[in-house]
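The lines below spell out each chain.
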Amino acid sequence: MELLSIGFVGNPNCGKTTLFNAYTGANLKVANWPGVTVEKKEGRFRLHDHEYRLVDLPGAYSLTSYTMEEQVTRQYILSDEVDVIIDVADASALERNLYLTLQLIELGKPVILALNMMDIVEKRGMEIDTHRLPEMLGIPVIPVSARRKTGLDILMHAAAHHKDGSAEEMPLIHHHDGAGPQSTRHPHEHHKEFAMVYSDAIEDKIDQVGEQLHKQYPELTNLRWHALKLLENDPEITQAYPIDGGLLDRSYEQEIINEKYDFIKEVVDEVLVNKDKKAAVTDKADQALTHPVWGLPIFLLIMAMVFFLTFTIGDWLKGYFEMGLEFFSGAVLSGLEFLNVAPPLISLLVDGIIAGVGGILTFLPNIVILFLALAFLEDSGYMARVAYVMDGIMGRLGLSGRSFIPMILGFGCTVPAIMASRALENKRDRFKTMLITPFMSCSARLPIYVLFSQLFFGGYAMLAAYSMYVLGLLVAVLVALILHLFDHKKAALSGGSSLLIELPEYKAPSAHTIFIYVWVKVKDYLTKAGTTIFVASIFMWFLLNFGPQGYSEDMAQTFGSKIGQFIVPFFAPIGLGFWQIVVALIAGISAKEVVVSSCAVLFSVSNLTSPAGMSALSGVLASIGFGPLNAYALMTFSLLYVPCAATLATIKKESESWAWTGLTAVFQIGVAWVVTFAVYHIGLLFC
Amino acid sequence: MEKTLQEGSAGQVYRVQGSQLPLALRRRLQALGMTSGCPVLILRKKPRGAMIIKVRGGRFALGRAIASRILVEEA
């Protein structure tokens, strides 16, 4: 069986990921590109005689080497790892999408244009001449709809057949501006060879530079592309292939870009019919969603809805999970007792593993709903509008509206949120965003709020949980503001931060894309429950059942208790001077859910989140003097201190600095302590 | 008459004349199609803040610091 490697390239928001998912389904590998934290997705599948390996490359508008995404994409395409490039273009925004297409064609590898979102094009009453388009571009053009799954097999067939073919096989039937070969004084007639033919002046230059390149680097292939890159003053190519002869008197980039767009305009004018009806829906929706006055309240309302759904529907479903867990735990316990298994081992299995890991699994419904909502916001095209709506407020904090996107994603999971800060070009902005994003309350902290607010705040439980999200946002804003007061003079010198983001057209989110988005997160969550939380639960069980004298029924004699009691003085001033809580918080650095799973082990409450388990826990807590104010202090501290080991690892990777990572961790613990201190002592005034 | 894009008003089309932006940002905008001579439509504008523009069939949100460094003339 033949293996075919296909690279998926396309502008951001062209539906590339939806198309990629249509082929690979949930069966994909997500990793980072070697050396950089830009997400790399890879999937394999079989069709007829071929095995296909699809690689989803980062979205890019062009193939310059200015951003990390573009560099990754370009290097990967140029490597031998790709047999065929599939260029995914949003057919409803053909003009801008074709710019990347022209650059891909110039790279000289087999390219196939997948015209995506053809269903939207038709719905708008537009038509694209799919016979004329390949004639003008010299590459196969396949109309597809990733959402309706049409054209998928044909696209792969085209890839298989086209893998050895370059543009030469395809007839190129076009001329610019109706000019025949007679009107040019350039010695070569390129219109039959290349889709993109430049003006005589540029073509002359390309020939000269190409010849010089051939002289100096005889082994170099695709001279035309390298010559163009040299003429554009591309930093990477200029450094790799310096040429003599003073041919590169200046950058011709402006002309090269302009001529490409001129050609695109010709193509679009020829192949696109009825283009005036475009985008009426998006403009209407934007009337409200980006309204100068109402835009912000609408956004806040949407977020309030998201959390309302997360808590209400999530909690309702959680009830069923708890019943399942209770049944399972009881069955295992009676089964083990029946088999006469040694009590310590039963304790490890039931009180350690099932209580710890199982307790966390019951929060799955809340988390699924939260990620469902975030996926919806991202896939519909609304997220980019939020950047615009929030730009004014973020500007006062010395950040651009774009920094707000990682912050919203932080409600889901801090790790991808920190990775998303990579989209910020300004380094100062990136580091600031990385510093404040962990204060946004991620889904792993949610179990802590749900558990403790239900235990102590009864009818006000949801309000108490909501307040954590607001508090996290306030702390993030305050930290950004303080940093801004210190560095705004320097920031102004470095050019300042300003918003630049594409606002894609609104579309009904694809159910399949959302399903995969959520499934990947659920898988992460389950993996975490099976690994980090599993190990942490076992570890906690050992710490809490063994002491200097070996296995001990008395928890006060165990290692865990000794460690906790040693650190208690640090936590006493903020209302958390209980060794059990201290141990849970320390364990929580591995993953925030561990705070909850540890409580299950610490207070020997097996089904922690069930009504019976909760009343048992509240009894134990009441007996050690842990009241509502302590619970609120615990929630506050959990919200603000180090999110998890994975977050620290991501910060290290992104900042490439251990010092910065360490500083961040110390800073987070410091902020958590100070804010919790304030909350606790203000609370004491009223209690 | 030349002015900056920031001084433009919503609903109007302008023609790009040039920019005084750092090189990397300028090249980014060019790759998005904002080359000199290209028409830009301002769709929406906050009084003292960011704006939404339409360039070559694409919609972009543009911050004040960028918009005030792009020179345009009325088309």
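Before reading further, recall that the structure is shown in the block above.
This structure is a prediction, so every number in the text was calculated from the model and none was measured.

K.L.:
Tell me what's going on with the overall build of chain B, and back it up with residues and numbers.
P.N.:
A tally of regular secondary structure across chain B gives 2 helices and 6 strands. Each helix and strand of chain B, ordered N terminal to C terminal, gives the series β-β-α-β-β-β-α-β. Taking 2.2 N^0.38 as the reference for a compact globule, 75 residues should give roughly 11 Å; the C-alpha atoms of chain B span a radius of gyration of 11 Å, in line with that estimate. Taken over the C-alpha atoms alone, chain B extends approximately 30 × 25 × 25 Å along its principal axes. Look at the contacts in chain B between residues 6 or more apart in sequence, and 59% of them connect residues 24 or more apart. Put simply, chain B shows about 3,100 Å² of open surface, and 49% of that area lies on carbon and sulfur atoms. Of note, chain B has its 14 positive side-chain charges centred 13 Å away from the centre of its 4 negative side-chain charges.

K.L.:
With reference to specific residues and values, describe unusual backbone geometry.
P.N.:
Residue and element names in this part refer to chain A. The residue Lys149 is not glycine, and still its phi comes out positive at about 55 degrees. With respect to the secondary-structure elements, Lys149 resides in the loop between β8 (141-143) and α6 (152-162). For Lys149, a relative accessible area of 44% gives the class partly exposed. Within the chain, Glu656 stands out as a residue other than glycine whose phi angle is a positive 55 degrees.

K.L.:
Hey, could you go over the environment of A:Gln254 for me, with residue numbers and the actual values?
P.N.:
Structurally, the position occupied by A:Gln254 is in helix α10 (residues 253-271). On the basis of relative accessible area, A:Gln254 is assigned to the partly exposed category, the value being 25%. With near-sequence residues (within four places) excluded, A:Gln254 lies in contact with B:Gln30, B:Thr35 and B:Ser36. At 3.0 Å, the side chain of A:Gln254 and the side chain of B:Ser36 are in polar contact.

K.L.:
Please set out the interface of chain A and chain B residue by residue, giving values where relevant.
P.N.:
Taken together, the 37 residues of chain A in the interface contact 29 residues of chain B. Overall, the association of chain A and chain B removes approximately 3,100 Å² of surface from exposure, summing both partners, and the carbon and sulfur fraction of that is 52%. Considering only the side of chain A, the residues that lose the most area to chain B are A:Tyr261, A:Tyr388 and A:Leu500, jointly responsible for 21% of the buried surface there. Taken together, the links from chain A to chain B amount to 3 salt bridges. The salt bridge involving A:Glu505 is made with B:Arg59; its shortest N-O contact spans 3.9 Å. The tally of links between chain A and chain B comes to 17 residue pairs in polar contact (both at pLDDT 80 or more). Elements with a minimum of two residues in the side of chain A that touches chain B: α3 (94-107), α10, α11 (280-289), α15 (382-389), α16 (391-396) and β10 (500-502) of chain A. It is α10(A) that contributes the most residues to the side of chain A that touches chain B, 5 residues altogether. Inspection of the sheet shows β10(A) paired to strand β5 (residues 58-62) of chain B by 3 bridges, in the antiparallel sense. Paired with A:Leu500 across the strands is B:Leu62, a residue of β5(B).

K.L.:
How would you sum up a nonpolar patch on the surface? Please name residues and give values.
P.N.:
On the surface, A:Met305, A:Phe308, A:Leu309, A:Ile313, A:Trp316, A:Leu317, A:Tyr320, A:Phe321 and A:Met323 cluster together into a nonpolar patch covering about 890 Å² of accessible area. Within the secondary structure, A:Leu317 is located in helix α12 (residues 295-338).

Rules used throughout
Residues numbered from 1 in each chain as written. Chains lettered and ligands numbered in written order. Predicted model: local features only at pLDDT ≥ 70, side-chain atom pairs only at ≥ 80, totals over all residues. Heavy atoms only, no water. Helix = DSSP H or I, 4+ residues; strand = E, 2+ residues; numbered from the N terminus. Rg over C-alpha atoms; globule rule 2.2 N^0.38 Å. Contact = heavy atoms within 4.5 Å. Areas by Shrake-Rupley, 256 points an atom, 1.4 Å probe, with all protein chains shown as cover. Lys, Arg positive; Asp, Glu negative; His and termini not counted. Charge placed at Lys NZ, Arg CZ, Asp CG, Glu CD. Buried < 20%, exposed > 50% of the residue type's maximum accessible area, 1.4 Å probe, protein only. Polar contact = N/O pair within 3.5 Å; in protein donor to acceptor, adjacent residues only side chain to side chain. Buried area = accessible area lost by both parts, 1.4 Å probe. Salt bridge = Lys/Arg side-chain N within 4 Å of Asp/Glu carboxyl O. Pairing = 2+ DSSP bridges. Patch = residues over 30% accessible without salt bridge, like charges linked within 9 Å, V, L, I, M, F, W, Y side chains within 5 Å.

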